[in-house]
Each structure stands twice: as structure tokens, then as C-alpha cells.
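Spelled out from the first residue to the last, the chains are:
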Amino acid sequence: MGSVLSMEDFDRMERPRIQGRPSFYGETLIKDVVIKELSLFADERGFLVEIMRSDDDEMKPLNIKQAIASYSYPGMIKGWHLHSEQEDYLVCVTGMVKLVLYDYREDSETYKVINEIFMGEKHPRAVYIPPGIFHGIKNIGHEMSVVIGMPSLFYDPENVDERRVNPLDKDIVPYDWDCKME
Ligand SMILES: Cc1cn([C@H]2C[C@H](O)[C@@H](COP(=O)(O)OP(=O)(O)O[C@H]3O[C@@H](C)C(=O)[C@@H](O)[C@H]3O)O2)c(=O)[nH]c1=O
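Given the structure is predicted, the values throughout are model-derived calculations rather than measurements. (Residues numbered from 1 in each chain as written. Predicted model: local features only at pLDDT ≥ 70, side-chain atom pairs only at ≥ 80, totals over all residues. Heavy atoms only, no water.)

Peer 1: Could you give an account of the nonpolar core, with specific residues and numbers?
Peer 2: By size, the foremost hydrophobic cluster in this structure holds 17 residues, and its most contacted members are Leu-90, Leu-99, Leu-101, Ile-117, Met-119, Val-127 and Ile-129. At the level of secondary structure, the elements contributing two or more residues to this core comprise strand S7 (88-94), strand S8 (96-103), strand S9 (114-120), strand S10 (125-129) and strand S11 (133-139). Take this core: its biggest share by element is three residues, from S8. With near-sequence residues (within four places) excluded, Leu-90 lies in contact with Leu-99, Met-119, Arg-125, Ala-126, Val-127, Ile-129, Ile-137, Val-147, Ile-148 and Gly-149. Counting residues in each nonpolar core, the second largest holds 10 residues, with Val-34, Met-59, Tyr-128 and Val-146 among its members. (Core = buried A, V, L, I, M, F, W, Y, C linked by side-chain atoms within 4.5 Å. Buried < 20%, exposed > 50% of the residue type's maximum accessible area, 1.4 Å probe, protein only. Helix = DSSP H or I, 4+ residues; strand = E, 2+ residues; numbered from the N terminus. Contact = heavy atoms within 4.5 Å.)

Peer 1: Which residues make up the packing of aromatic side chains, and what values do they have?
Peer 2: One pass over the structure, following the stated rule, counts six aromatic pairs. Between Tyr-25 and Phe-118, the aromatic rings sit 6.1 Å apart at their centres with planes inclined by 90°, giving edge-to-face as the arrangement. Of this pair, Tyr-25 sits in strand S1 (residues 24-25) while Phe-118 is found in strand S9, placing the two residues 93 residues apart along the sequence. Phe-118 matches Tyr-25 in its accessibility class, with the two residues each being buried. Considering the side-chain rings of Trp-80 and Trp-177, the 5.0 Å spacing of their centres and the 45° angle between planes classify their relative orientation as tilted. Separated by 97 residues along the polypeptide, Trp-80 in strand S6 (residues 77-82) and Trp-177 in the segment after strand S13 (163-164) bring together distant segments of the chain. With a relative accessible area of 2%, Trp-177 lands in the buried category. Ring pairing ties together the aromatic residues Trp-80, Tyr-175 and Trp-177, which thus form one cluster. Stacked on the ring of Tyr-25, the Lys or Arg Arg-17 has its end atom at 3.6 Å from the ring centre. One Lys or Arg, Lys-60, reaches over the ring of Tyr-128 and ends 4.9 Å from the middle of that ring. (Phe/Tyr/Trp six-rings, centres within 6.5 Å; stacked < 30°, edge-to-face > 60°. Lys NZ or Arg CZ within 6 Å of the ring centre and 35° of its normal.)

Peer 1: Mind laying out the state of the cysteines, listing which residues take part and the relevant values?
Peer 2: If you walk through the whole model with that rule in mind, you get zero disulfides. Of all cysteine sulfurs in the structure, the one in Cys-179 sits closest to Cys-92, which takes part in no disulfide; the separation is 17 Å. A residue is classified by how much of its surface remains accessible, and Cys-179, at 53% relative accessible area, is exposed. (Disulfide = S-S within 2.5 Å.)

Laid out in C-alpha cells, this is it:
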């Protein structure tokens, strides 16, 4: 029998991250963010997912002003985006993405909390994001990903309610986008 690892060495090593909620990492869900698990209806023709209903008050769909489709190449990161007024309602309809949120609201009980939300074809879900929360999206699949965004403001190129920070700049948002493979 080889040498048995001493428990002292064992305890010094990193413990595995645990998903308290499927396809989610974070000490707690950021305040006012809503994650709605969507049902996928499959048959031999294909599958269907209901991505938004105007009678689903929790997701504030009546605030939606328009819808966009955001396409990302594999491995691409889009972010960090921050809105002062705009609410976002996001659903990944093609591929898989990692949506990362960082609460930047100083008066929030979840100020500086980070959420990692994995969503898309393998885990259909819709996410409501209030203003004041940095968000970024990484295509973690091997095909183009498509995220449907349904914001609460019309897009106004003369007065865009959005500020951006380079996703690799950790000074403002202390997050490493690399895959945590351990
Ligand atoms: C967002 C938006 C962009 N555009 C145009 C102008 C802009 O230079 C070009 C590319 O836009 P963006 O760089 O914002 O696209 P993108 O980086 O894909 O970001 C978009 O992704 C979704 C998921 C979000 O969460 C939003 O932040 C939205 O900005 O498209 C519109 O015409 N209407 C729109 O509503």
C-alpha cells in the first residue's frame, strides 16, 4: 500500500466549489435579480421554450421596450456592461453561456457579491437584472451563442444608458473569466 496522504496535506488543499443551486455559483443570489427556470418541451420534431410572458409579473415584462439578439463566437466575452436605469431580461436561446453579475450598488445588501449563472439550451432560464449590476456574458460552448435581450429602455445611440469596463480589467470588477477547471 503506497504512503497514505497525511490529513494535514489534505486539509490544506482547496475544497471543490458546490452548486447550492443547479448551474449557479455565488454566496447568495444578488438582491432584486430574478432567475426563472424555463420549461423545455421536446419531441421528435425539435423543442420549444417559452421565453417571456407579459403576465409573469416577477420578471417585470411590462417594462420591456424592445428585443435584441446578441450573437457571440465561441469563447467570446461581452461585458462588463452597467446601466443606470435600464433593466435587462436575458435568455440564451442557442448554445450555452456563463452570465456573470456583480452588484455595484453601494446601498445593496449584496453589494460586491458575484453570481455565475450558466444558461442556454442545456439549462433554459431567463434572468432579470435591475440597473446597477455589472453583467457580462461568455460563450462557453463550441458554437455561436445567441442571447435574447429585452431591455426596459429603447436603444438611443445619442444617449446610451450603458457604461463598459474591459472584462479582463480586475480593478473595478474583481472577477477572472478563465474556466475554473479544478
Ligand atoms: C443594444 C443595441 C445595439 N445596437 C447596435 C449599436 C451597437 O454599436 C451595436 C452593437 O451593440 P452592443 O455592442 O451593445 O451589443 P452587445 O455587446 O452584444 O450587447 C448587447 O448584448 C445584450 C445581451 C446586452 O446585455 C446589452 O448590453 C447589449 O448591449 O448594435 C442597436 O442598434 N440597438 C440596440 O438595442
